[in-house]
Amino acid sequence: MNLLRGRAHRFGDNINTDYIISGKYKFKTLDINEMAKHVMEDLRPGFYNEIEHGDFIVAGRNFGCGSSREQAPLVLQAAGIGAVIAESFARVFYRNCINVGLPVLECDTSSVEDGDELQVDLRKGLIRIVAKGTIIKAKPLPAVMVRILEDGGLVEHFRKHGGFKINEEG
Amino acid sequence: MGTISENIISNHIGAQVEAGDIVVVPVDFIMSQDGTTALTMQAFEKMGGKSIYAPDRYAIIIDHNAPSPVEGVSNIHKEMRRFASQHGTILYDVGEGVCHQLMPEKGHALPGSIIIGADSHTCTYGALNAFATGMGSTDVAAALISGKTWLKVPSTIKLIYNGILQSGVFSKDVALHMVGSLTADGATYKALEIYGEIIDALSVEARMTIANMAVETGAKVGLMRCDEKVVDYLRGRTSEMIKGVDATDDAVYEKVIKEDLSKLPPQVAKPHQVDQVVPVDDVIGIEIDEVFIGTCTNGRLEDLRIAARIFDGKKVAKRTRLIVAPASREIYLKALEEGILAKIVKAGGVIITPGCGPCVGTGGGIPADNENVLSTANRNFKGRMGNSKAFIYLASPATAAYSAINGVISDPREVFQ
Ligand code: SF4
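Residues numbered from 1 in each chain as written. Chains lettered and ligands numbered in written order. Predicted model: local features only at pLDDT ≥ 70, side-chain atom pairs only at ≥ 80, totals over all residues. Heavy atoms only, no water.

Section: the overall build of chain B
- Each helix and strand in chain B was counted, giving 14 helices and 18 strands.
- The C-alpha radius of gyration of chain B comes to 20 Å, within 12% of the 22 Å expected for a compact globule of 417 residues.
- Out of the 417 residues belonging to chain B, those deemed buried represent 65%.
- Element-wise, carbon and sulfur atoms account for 50% of the exposed surface of chain B, whose accessible area totals about 14000 Å². (Helix = DSSP H or I, 4+ residues; strand = E, 2+ residues; numbered from the N terminus. Rg over C-alpha atoms; globule rule 2.2 N^0.38 Å. Buried < 20%, exposed > 50% of the residue type's maximum accessible area, 1.4 Å probe, protein only. Areas by Shrake-Rupley, 256 points an atom, 1.4 Å probe, with all protein chains shown as cover.)

Right, dumping it as structure tokens:
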């Protein structure tokens, strides 16, 4: 579960949630799988068909900026993306990913190229570029987020604890 | 003792916090709109939610796609109405206005309070000294059930804008300048506190334009002081005691940026990034096919007044379409009574339902391929208005109105001599 493997799809800086899923689809349907077909289509038409289950999105700075739409991480998840790896994330997107259970890793992504085969150890926060053997270390998640992610997202966290249970470890 | 953010959060949990602390805080008000409520309701049910913690402190707002253009949306709206009536929450239906105008206007956004909204521009209420921030639907559902949310107390960048703005230069130009100079991720995870002679001189509405765009720098909140103007604005809108929260003298800031904006020219953000901000001179003469005046950034009464003043007795250029969306029913009515709308309509403009309008590309006003749009909104991302082959420029209502008349981007200082 904690070891992921897949190909990298490279994107640049400031990839906003409108690019991930355009607002026009968010309003048309409640069906996330249907929306997923349009993932990133304004930037890369046909991207949905390029994704193999478990692939990664690898991006530059400020990934997920813009609207607070939770459809953005849900659509990435439904499209088969196993984790998003970026130099930095916009805060609401980052939070939303954890809440819906989509892993996010913050690290220097400059050495990852489009199509690189990656192996990701979520627990240790390590990313290995298989062909080159390079290992990249990601920033650790804040403890609250680890807690929520381990419960399987905020919905499961609430079902389990009946409310927030994040502070007792201090 | 600390920044506005630290002090508001400390007041809420009864203990002193500082930047970096992670805390669970009580929430004073919650908002969601028709693009985010469907997922909020789903998450609420999946979490086992039975009732809403404080239904009189939750507003559901139908503004993003109103009136509904397709049946899928109509069904979402219907569900929202059912959820609101089942739980006894506040509902603002089609035509009441944009969420971020209604929250202050209806007295829900109060100084010193903590507000979360399932919309990124919830930070608008920072102009009223509220610690208000956007979150996703699941976070909002969690707050609906528990009355609480978790937060990382942000560190703060302090901005001080001094001087006197030139005539023809407005709060939107200050907002664009702020985003251009901080850049799109310059304040990610952080709070902004915005001060200075320029802010003091602006109306509360004009301040909202600036706080609204705080999120375009990545910031969690864009806070201002609660002064007499804020108290006046809220008079008659709320019966609650108004008490602002200030930063203390010993507050620690990550950075302090002090500028004199007396010479700031009108600003324009170029496609396709909000922080591609240039002085109007750099883009003068670019042909414009559609002008949109409205949104939670600039659809307020004073914005429409400025536009009407420019349109008075003039005609919109042949090549240009003009669409105007008042930000709320209250604004619509006042603009009607003041004769503002008549001037806009006579000039060739189209007035549409108070709400988000073409801002997010969900209804009317979608531009054609290769068209240029000049909008008073806060985002110009590729595809934002429904067509990824169009180009969106952002500017003040004055720049937008004057450019509509000329059919090309123009410097509004020419009409404000
Ligand atoms: S007007 Fe535009 S930016 Fe404002 S809430 Fe509506 S869609 Fe969002």
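Structural notes on the interface of chain B and chain A
- With 52 residues of chain B in contact, the opposing surface of chain A contributes 42 residues.
- In total, about 4000 Å² of surface goes out of reach between chain B and chain A, with carbon and sulfur atoms giving 58% of it.
- Across the pair Asp 185 of chain B and Arg 61 of chain A runs a salt bridge, and its minimum N-O distance is 2.8 Å.
- Counting across the chain B and chain A interface gives 21 residue pairs in polar contact (both at pLDDT 80 or more).
- Listing elements by their share of the side of chain B that touches chain A, those giving two or more residues are strand S1 (22–26), helix H2 (37–46), helix H3 (71–87), strand S6 (131–134), helix H5 (137–146) and strand S7 (148–152) of chain B.
- Its residues placed into classes, the side of chain B that touches chain A shows 19 nonpolar, 23 polar and 10 charged. (Contact = heavy atoms within 4.5 Å. Buried area = accessible area lost by both parts, 1.4 Å probe. Salt bridge = Lys/Arg side-chain N within 4 Å of Asp/Glu carboxyl O. Polar contact = N/O pair within 3.5 Å; in protein donor to acceptor, adjacent residues only side chain to side chain. Nonpolar A, V, L, I, M, F, W, Y, C, P; charged D, E, K, R; others polar.)

Some details on the packing of helix H6 (residues 171–182) of chain B against helix H8 (residues 204–212) of chain B
All names here are of chain B.
- Between H6 and H8, whose axes approach to 8 Å, the crossing angle comes to 20°. One element, H6, and the other, H8, form an angle in the roughly parallel class. In this structure, H6 meets H8 at a crossing whose hand is right-handed. Facing H6, whose interface residues are Ser 171, Lys 172, Val 174, Ala 175 and Met 178, H8 presents Ala 206, Thr 209 and Ile 210.
- Among the residues making up the contact of H6 with H8, the classes are represented as 5 nonpolar, 2 polar and 1 charged. (Axes fitted to C-alpha atoms, helices over the stretch in contact; angles between N-to-C directions. Parallel < 35°, antiparallel > 145°, perpendicular 65-115°, else oblique. Left-handed = near helix turned anticlockwise from the far one by under 90°.)

Let's talk about the sheet that holds strand S2 (residues 29–33) of chain B
Residue and element names in this part refer to chain B.
- With parallel pairing, the 5 strands of this open sheet are ordered in space as S4-S3-S2-S5-S6. Looking at strand neighbours, the two that pair on one side only are strand S4 (90–92) and S6, the edges of this open sheet. With strand direction ignored, the average angle separating the axes of adjacent strands in the sheet is 15°.
- Here S2 pairs with strand S3 (residues 58–61) via 4 bridges, running parallel. If you follow Ser 32 over to S3, its bridge partner there is Ile 60. (Pairing = 2+ DSSP bridges.)

Quick word on the sheet that holds strand S6 (residues 126–129) of chain A
Residues and elements named next belong to chain A.
- Ordered by their spatial adjacency, 7 strands build an open sheet running S4-S3-S2-S1-S5-S6-S7, and the pairing between neighbours is mixed. Every other strand in the sheet has two partners, leaving strand S4 (104–106) and strand S7 (134–137) as the edge strands with one partner each. The average undirected angle you get between the axes of adjacent strands in this sheet is 30°.

Side note on the confidence of the model for chain B
- Mean pLDDT over chain B: 97, with 100% of residues reaching 70 or higher.
- Reported for the predicted complex are a pTM of 0.94 and an ipTM of 0.89. (pLDDT = per-residue confidence, 0-100.)

Comments concerning the pattern of salt bridges
All names here are of chain A.
- Per the counting criterion, the structure on display carries 34 salt bridges over all chains.
- Two residues, Arg 123 and Glu 150, come together in a salt bridge whose shortest N-O distance is 3.7 Å. Note that Arg 123 is positioned in the loop between strand S5 (117–121) and S6 and Glu 150 in helix H7 (residues 143–150), a separation of 27 residues in sequence. Per residue, the accessibility class of Arg 123 equals that of Glu 150, and both read exposed.
- Salt bridges sharing partners connect three or more residues here, namely Arg 7, Glu 52 and Asp 55.

Looking at the site of the ligand
- The environment of the ligand is made up of His 64, Val 98, His 100, Asp 119, His 121, Thr 295, Cys 296, Cys 356, Cys 359, Val 360, Asn 378 and Arg 384 of chain B.
- Mapped onto the domain boundaries, the shell around the ligand takes at least three residues apiece from domain 1 (4–259) and domain 2 (267–411) of chain B. (Near = heavy atom within 4 Å. Domains from an automatic or database assignment.)

What about the nonpolar core?
- Residues Phe 63 and Leu 76 of chain A together with Met 178 and Leu 192 of chain B are the most contacted members of the largest nonpolar core, which totals 134 residues.
- Take this core: its biggest share by element is 6 residues, from H6 of chain B.
- Shared between two domains, this core holds at least three residues of each, these being domain 1 (4–259) and domain 2 (267–411) of chain B.
- Core analysis: the second largest hydrophobic core is formed by 52 residues, Met 31, Ala 130, Phe 170 and Ile 344 of chain B among them. (Core = buried A, V, L, I, M, F, W, Y, C linked by side-chain atoms within 4.5 Å.)

Description of the packing of helix H8 (residues 154–161) of chain A against H5 of chain B
- Axis separation between H8 of chain A and H5 of chain B bottoms out at 10 Å; the angle between their running directions is 20°. By the criterion of interaxial angle, the relationship of H8 of chain A to H5 of chain B is roughly parallel. Judged by residue contacts, Leu 154, Val 155 and Phe 158 of chain A of H8 of chain A engage Thr 138, Asp 139, Ala 142, Ile 145 and Ser 146 of chain B from H5 of chain B.
- Classifying every residue of the contact of H8 of chain A with H5 of chain B by side-chain character gives 5 nonpolar, 2 polar and 1 charged.

Remarks on the domain arrangement of chain B
Residue and element names in this part refer to chain B.
- On domain assignment, one finds that chain B holds domain 1 (4–259) and domain 2 (267–411).
- Counting from both sides, the interface comprises 37 residues of domain 1 and, opposite them, 33 residues of domain 2.
- Of the roughly 2800 Å² buried between domain 1 and domain 2, counting both surfaces, carbon and sulfur atoms make up 55%.
- Counting across the interface, domain 1 meets domain 2 through 3 salt bridges.
- Here Glu 330 and Arg 237 are joined by a salt bridge, their closest N and O atoms 3.4 Å apart.
- Top contributing element to the side of domain 1 that touches domain 2 by residue count: H6, with 6 residues.
- Considering only residue class, the side of domain 1 that touches domain 2 consists of 14 nonpolar, 15 polar and 8 charged.

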